[in-house]
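# Secondary and tertiary structure notes
The chain contents come next:
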Amino acid sequence: MATGDRADFNGILLYTKDYRERDLLVKFLTREFGKKMFLVRGAKRPKFKMRAAILPFTYGLYGGDIQSNGLSYIINDKRLDHFQAMAEDITKNAYATYIMSLIDLAFQDGEPIPAWYDKLLVGLNLINEGFDAEIIANIFEIQLLKPFGVAPNWVDCAICHRRDLPFDYSETYGGLLCQNHWDKDPYRLHLDPRTIYYLRLFSVVDLSKLTHIKVNDTTKKTLRQVIDQIYVRSVGVTPKSKRFIDQLGKFKI
């Protein structure tokens, strides 16, 4: 797209940031152009007409002046929706923010990623409708490993490619090891079969076809530990929103 072309775009608001006295920077994941930063002039004025268009957890159809490089500009909003339940629930809010932070970190600005736009919209709708926000976040964490350049093998044994034996996870081999090869990695994670089952499921599940999911608290705790370990050791990113979730978990205890 040439610099300065006007176009409609479908956008999910990722975050806003102060910019000058009366203006805001607003970052959207757009379906058409990937992640884009928009300058919204006069957004902090009391009578700003498009206030609803840049509220947290808002998505819809916008008109904009799309720049190939640098800041783009929102001209108007044409259809708006809002994740109301998410905005009113601190836990849903926290996990949704975390998911959007991961997507923001995983992809370059301006890189069209329509499949991830669709996936994010579905995931946020699920959280808004009452699905377990932690599990939805786990699914995103596992499926985002590939864009982060990690891409564990969740399909079969990394050595012999068998699929019919019990598995464990090996960081050294970058994926699963079957029982016949557990001796190859003394530092394998010693995960129970249920945790392995969900890790494999999360790597391939289609969120748009998800009708229900229930994971017991013990397995959720183990999933949290192993996913955290993979992200710390192999991905190397920890959004501020993740630290807030960790604190939220301690508060609930």
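Here the structure is shown first, and the text comes after it.
Let me sum up the structure you'll find in this document. What you see is a predicted model; the values in this text were computed from it and never measured. (Residues numbered from 1 in each chain as written. Predicted model: local features only at pLDDT ≥ 70, side-chain atom pairs only at ≥ 80, totals over all residues. Heavy atoms only, no water.)

## Some words on the sheet that holds strand β2 (residues 23-30)
One closed barrel holds the five strands; their spatial order is β1-β2-β3-β5-β4, and the pairing between them is mixed. Here the average twist between neighbouring strands, direction ignored, is 50°. As judged from the eight bridges shared by strand β4 (residues 58-66) and strand β5 (residues 72-82), these two strands associate in the antiparallel manner. The residue of β5 that forms the bridge with T58 is H82. (Pairing = 2+ DSSP bridges. Helix = DSSP H or I, 4+ residues; strand = E, 2+ residues; numbered from the N terminus. Axes fitted to C-alpha atoms, helices over the stretch in contact; angles between N-to-C directions.)

## Some remarks on the packing of helix α2 (residues 90-106) against helix α3 (residues 114-129)
In contact at an axis separation of 10 Å, α2 and α3 are set at 170° when each is read in the N-to-C sense. Put simply, α2 runs roughly antiparallel to α3. Facing K92, A96, I99, M100 and I103 of α2, the residues of α3 in contact are W116, L120, L124, I127 and N128. (Parallel < 35°, antiparallel > 145°, perpendicular 65-115°, else oblique. Contact = heavy atoms within 4.5 Å.)

## Re helix α6 (residues 217-235)
Between its terminal C-alpha atoms α6 stretches 25 Å, which fits the 27 Å expected from 19 residues at 1.5 Å a residue. Buried within α6 are the following residues: T219, K220, T222, L223, R224, V226, I227, I230, Y231 and V235. Where α6 begins, one side-chain oxygen reaches toward the backbone nitrogen of T218, 3.2 Å away; that side chain belongs to N216. (Expected span 1.5 Å × (residues − 1). Buried < 20%, exposed > 50% of the residue type's maximum accessible area, 1.4 Å probe, protein only. Polar contact = N/O pair within 3.5 Å; in protein donor to acceptor, adjacent residues only side chain to side chain.)

## What about the pattern of salt bridges?
As enumerated under the stated definition, the model contains 16 salt bridges in all. Residues K27 and D109 are paired through a salt bridge, measuring 3.0 Å at the closest nitrogen-oxygen approach. Separated by 82 residues along the polypeptide, K27 in strand β2 and D109 in the loop between α2 and α3 bring together distant segments of the chain. For E141, the salt bridge is made with R224, and the minimal N-O distance between the two is 2.7 Å. Residue E141 is located in helix α4 (residues 133-143), and its partner R224 is located in helix α6; the two are separated by 83 residues in the primary sequence. Note on accessibility: E141 and R224 belong to one class, buried. Salt bridges sharing partners connect three or more residues here, namely E141, R224, D228, K242 and D246. (Salt bridge = Lys/Arg side-chain N within 4 Å of Asp/Glu carboxyl O.)

## Looking at the environment of L144
Checked against the element boundaries, L144 lands in the loop between α4 and β6 (167-170). Of the residues examined, L144 reaches a relative accessible area of 0% and is grouped as buried. The spacing of L144 and S203 is 59 residues in sequence and 9.0 Å in space, taken between C-alpha atoms. Not counting residues within four places of it along the chain, the set of residues in contact with L144 comprises L102, I103, A106, F107, W116 and Y231.

## Describing the pairing of β5
Taken together, the two bridges between strand β3 (residues 34-40) and β5 define a ladder with parallel strand orientation. Each bridged residue has a counterpart across the sheet, and for L39 the counterpart in β5 is Y73. The loop that links β4 with its antiparallel partner β5 comprises five residues; one of these, G70, has a positive phi angle of about 80°.

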